[in-house]
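Each chain, written out:
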Amino acid sequence: MALATALANVLASSILFFKLTRSDGPLHIELHRIFKPDGQSARMIVRIGWPAGLQSSVFSLSNLIIQSAINSLGPEVMAASVAAFTIEINVYGFVNAFGLAATTFISQNYGAGNVDRCKRITWISMGLNIGFTLLGVFTQSEDIIALGMIRLWWVVVPEPLNAVMEVFSDAMRGYGYSLAPAIITVIVICSVRVIWVYTAFAMKPTYEVLMMVYPLSWLITSIGLGILYFWFEKNRLPKLKAE
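Residues numbered from 1 in each chain as written. Predicted model: local features only at pLDDT ≥ 70, side-chain atom pairs only at ≥ 80, totals over all residues. Heavy atoms only, no water.

A.B. asks: In this structure, what is going on with the overall build of the protein chain? I would like to understand it.
C.D. replies: Looking only at helices and strands, one finds 10 helices and 0 strands in the protein chain. Starting at the N terminus and ending at the C terminus, the protein chain contains elements arranged as α-α-α-α-α-α-α-α-α-α. The principal-axis extent of the C-alpha atoms belonging to the protein chain is close to 55 × 45 × 30 Å. Relative to its 243 residues, the protein chain shows a buried fraction of 38%. A separation threshold of at least 6 residues defines the contact pool for the protein chain, and within that pool the share at least 24 residues apart is 81%. Carbon and sulfur atoms provide 69% of the accessible area of the protein chain, an area that totals close to 14000 Å². Of the charged side chains in the protein chain, 17 are positive and 14 negative, and the gap between their average positions amounts to 12 Å. (Helix = DSSP H or I, 4+ residues; strand = E, 2+ residues; numbered from the N terminus. Buried < 20%, exposed > 50% of the residue type's maximum accessible area, 1.4 Å probe, protein only. Contact = heavy atoms within 4.5 Å. Areas by Shrake-Rupley, 256 points an atom, 1.4 Å probe, with all protein chains shown as cover. Lys, Arg positive; Asp, Glu negative; His and termini not counted. Charge placed at Lys NZ, Arg CZ, Asp CG, Glu CD.)

A.B. asks: When you look at helix 3 (residues 75-111) in this model, what are you seeing that I'm missing?
C.D. replies: Owing to its 3.6 residues per turn, the α-helix brings residues three or four apart onto one side. Taking 1.5 Å per residue as the helical rise, helix 3 with its 37 residues ought to reach 54 Å, and the 52 Å between its terminal C-alpha atoms agrees with that figure. If you look at helix 3, its biggest bend is around 30°, right at Phe85. Just past helix 3, the residue Gly113 takes up positive phi, approximately 80°. (Expected span 1.5 Å × (residues − 1). Bend = angle between axes of the 7 residues up to and from the residue.)

A.B. asks: Just checking my understanding: could you explain helix 7 (residues 179-198) for this structure?
C.D. replies: Over its 20 residues, helix 7 runs 28 Å from end to end, which matches the ideal 28 Å to within 8%, given 1.5 Å per residue. Every buried residue of helix 7 is accounted for by Pro181, Ala182, Thr185, Val186, Val188, Ile189, Cys190, Val192, Arg193, Trp196 and Val197.

A.B. asks: I tried to follow the environment of Ala101 on my own but got confused; where do I start?
C.D. replies: Among the structural elements, Ala101 can be located in helix 3. Residues Ala101 and Phe232, spaced 131 residues apart in sequence, show a C-alpha to C-alpha distance of 20 Å.

A.B. asks: Before we go on, may I ask you to explain the packing of helix 2 (residues 39-71) against helix 6 (residues 159-174) in this structure?
C.D. replies: In a pair of packed helices, the angle between the axes and the distance between the axes together describe the arrangement. For the pair helix 2 and helix 6, the least separation of the axes is 11 Å and the interaxial angle reads 160°. On the basis of their axis angle, the class for helix 2 and helix 6 is roughly antiparallel. Here the hand of the crossing between helix 2 and helix 6 comes out right-handed. Only Met165, Ser169 and Arg173 of helix 6 make contact with helix 2, whose side of the interface consists of Ile48, Ala52, Gln55 and Phe59. Looking at side-chain class alone, the contact of helix 2 with helix 6 contains 4 nonpolar, 2 polar and 1 charged residues. (Axes fitted to C-alpha atoms, helices over the stretch in contact; angles between N-to-C directions. Parallel < 35°, antiparallel > 145°, perpendicular 65-115°, else oblique. Left-handed = near helix turned anticlockwise from the far one by under 90°. Nonpolar A, V, L, I, M, F, W, Y, C, P; charged D, E, K, R; others polar.)

A.B. asks: Would you mind showing me how to read the packing of aromatic side chains here?
C.D. replies: Any aromatic ring pair is given by two values, namely how distant the centres are and how the planes are angled relative to each other. Per the stated rule, a full pass over the model turns up 10 aromatic pairs. Where Trp123 meets Tyr229, the ring centres are 6.2 Å apart and the plane angle is 90°; that geometry is what we call edge-to-face. Residue Trp123 is found in helix 4 (residues 115-137), and its partner Tyr229 is found in helix 10 (residues 213-242); the two are separated by 106 residues along the sequence. The exposure class of Trp123 is partly exposed, given its relative accessible area of 40%. Here Tyr175 and Phe232 contribute two aromatic rings whose centre-to-centre distance is 5.2 Å and whose plane-to-plane angle is 50°, an arrangement assigned as tilted. With a gap of 57 residues between them, Tyr175 in the loop between helix 6 and helix 7 and Phe232 in helix 10 connect regions that are remote in the sequence. Taking the relative accessible area as the measure of exposure, Tyr175 reaches 6% and is therefore buried. Judged by its relative accessible area of 0%, Phe232 falls in the buried class. What links up through ring pairs into an aromatic cluster is the set Tyr110, Tyr175, Tyr177 and Phe232. (Phe/Tyr/Trp six-rings, centres within 6.5 Å; stacked < 30°, edge-to-face > 60°.)

Okay, structure coming up:
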């Protein structure tokens, strides 16, 4: 299965790369320029992209610890978790899409010098993200087993918290301010989830207690990112606008 997934990704990437070399649009790839990157652009890509990649990887690390705890509860819990995750990942698709859209639109308008529109985009993206995420909750299947419903209750229903976290982080990334939100996400998500697994879950090793860590980590991270966003908007954004 893992090999098939890797091969599928390689094939999809190859097809996309080939299509872009034949495209006439702004995403056209010029083969002779691949090994001659622009230094300034490369630095900007690394400065914004590296923290974003680090922020994404931390979820895999913390989820690995949680998955290990799920496996310790037996095969029925594992099966229920997988069944619920099928629904959960589709709901998260809405969350992630609106976050990426916020990054794209804010970076475009920030580049054009329209900071007021950037601010409006942040809150419009937040509202749309939460709204569509809540709509996604109603796609739950009544056939999901009881343990699967526990995951849906503690992970899918609180997804609006994840939406807040995503948009705050992605909005700042749109301004080119990527490292600080990534650091907050990495530290808070990892620390909250690891501490929870080895304290609350260790004292009461049930599936429901384990699932509680998702909304808890989202809530604490959202608060941290919210404080950072308002500080950034008040203190750093006026300086960037003046430049």
